[in-house]
Amino acid sequence: MIENLNSSDLTKDMEVTRSLGGGSLIGVPINYKNGENYGTLCGMDLRPYHFTQKHKDLFITMASLLGNVLDLEKKSLQVQMLSVPLVPIYDDTAILPLIGEVDSERTSRIIEHTLSEAAKGELDYIIFDLSGLALIDSQSVENLMKIADSLKLVGVSMIFTGIRPDLAKKAIQYRSDFSDIKVESTLKQAIKSIKFN
């Protein structure tokens, strides 16, 4: 807390103090739970101001709350990345095992993540293993079919494995021609087809 920027040794010679003509400042660090600093929450007035303990407590509480929100956002991003695990098995090949439920939000992350990885130019094949898929909505099935077209544009071949009969029925509602999409019944067969390609 600096009640008068013109009289504090920390701020009196700063350019910002001269340009503002003085004032007051209160600042509290915003930290993640692990102690890593994100930034600082600051309050400023163009006039000198006497800060009370209530002001200090309020800023500490707000900084703590912001730190918790940022920590949750960081963890949420980590969980999102885990829900789209692209696992390299060869220098030019990766597997994306889809496990659990897939909705349109997760499909969007899958598209974004796989295209981002494919655009790096290191992959020739991405195997989408659907054998662990518990539930998928119709819109997501349509989007998965479109991923193959998008990947082809960046030079990556997509192979589907583990397609169950119910998923196959949904897929043909959105696409009648599958000649440009490679499908193998098992992951083992997909890997073997790449080796002998």
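Scroll up to find the structure this text is about.
As the structure is a prediction and not an experimental result, all values here were calculated from the model.

1. Structural notes on the overall build of the protein chain
No. 1: When its secondary structure is counted, the protein chain shows 6 helices and 9 strands.
No. 2: Against the globule reference of 16 Å for 197 residues, the protein chain gives a C-alpha radius of gyration of 27 Å, more extended than a compact globule.
No. 3: C-alpha atoms of the protein chain, sized along the principal axes, occupy 75 × 30 × 30 Å.
No. 4: For the protein chain, the proportion of its 197 residues judged to be buried stands at 34%.
No. 5: In the protein chain, 63% of the contacts between residues at least 6 apart in sequence involve partners at least 24 apart.
No. 6: Carbon and sulfur atoms make up 57% of the accessible area of the protein chain, which totals about 12,000 Å².
No. 7: Here the protein chain contributes 21 positive and 26 negative side-chain charges, whose respective centroids are spaced 4 Å apart.

2. Digging into the nonpolar core
No. 1: Judged by nonpolar contacts, the single largest core of 25 residues is most densely connected at Leu98, Phe128, Leu151 and Phe160.
No. 2: Within the residue set of this core, elements represented by two or more residues are β4 (93-97), α3 (104-118), β6 (125-129), β7 (133-136), α4 (138-153), β8 (157-161) and α5 (165-174).
No. 3: Here this core gets 6 residues from one element, more than from any other, and that element is α4.
No. 4: Setting aside anything within four residues of it in sequence, one finds Leu98 in contact with Arg106, Ile110, Phe128, Asp129, Leu130, Gly132, Leu133 and Leu144.
No. 5: Counting residues in hydrophobic clusters, the runner-up holds 9 residues, among them Ile30, Tyr32, Phe51 and Phe59.

3. So, empty space enclosed by the protein
No. 1: According to the stated counting rule, one finds 1 cavity of 30 Å³ or more in the structure shown.
No. 2: Lining the largest cavity, in full, are Leu130, Val141, Leu144, Met145, Phe160, Ile163, Leu167 and Ala171.
No. 3: Listed by contribution, the elements that provide at least two residues to the lining of the largest cavity are α4 and α5.
No. 4: At 3 residues, α4 tops the list of elements feeding residues into the lining of the largest cavity.

4. Brief notes about the environment of Glu105
No. 1: Mapping Glu105 onto the fold places it in helix α3.
No. 2: On a C-alpha basis, the gap between Glu105 and Val183 in space is 24 Å, while along the polypeptide they are 78 residues apart.

What counts as what
- Residues numbered from 1 in each chain as written.
- Predicted model: local features only at pLDDT ≥ 70, side-chain atom pairs only at ≥ 80, totals over all residues.
- Heavy atoms only, no water.
- Helix = DSSP H or I, 4+ residues; strand = E, 2+ residues; numbered from the N terminus.
- Rg over C-alpha atoms; globule rule 2.2 N^0.38 Å.
- Buried < 20%, exposed > 50% of the residue type's maximum accessible area, 1.4 Å probe, protein only.
- Contact = heavy atoms within 4.5 Å.
- Areas by Shrake-Rupley, 256 points an atom, 1.4 Å probe, with all protein chains shown as cover.
- Lys, Arg positive; Asp, Glu negative; His and termini not counted.
- Charge placed at Lys NZ, Arg CZ, Asp CG, Glu CD.
- Core = buried A, V, L, I, M, F, W, Y, C linked by side-chain atoms within 4.5 Å.
- 1 Å grid on protein atoms, 1.4 Å probe; cavity = no way out; pocket = protein on both sides within 12 Å on 5 of 7 lines; lining within 4 Å.
- Points joined across faces, edges and corners; volume = space filled by probe spheres on them.

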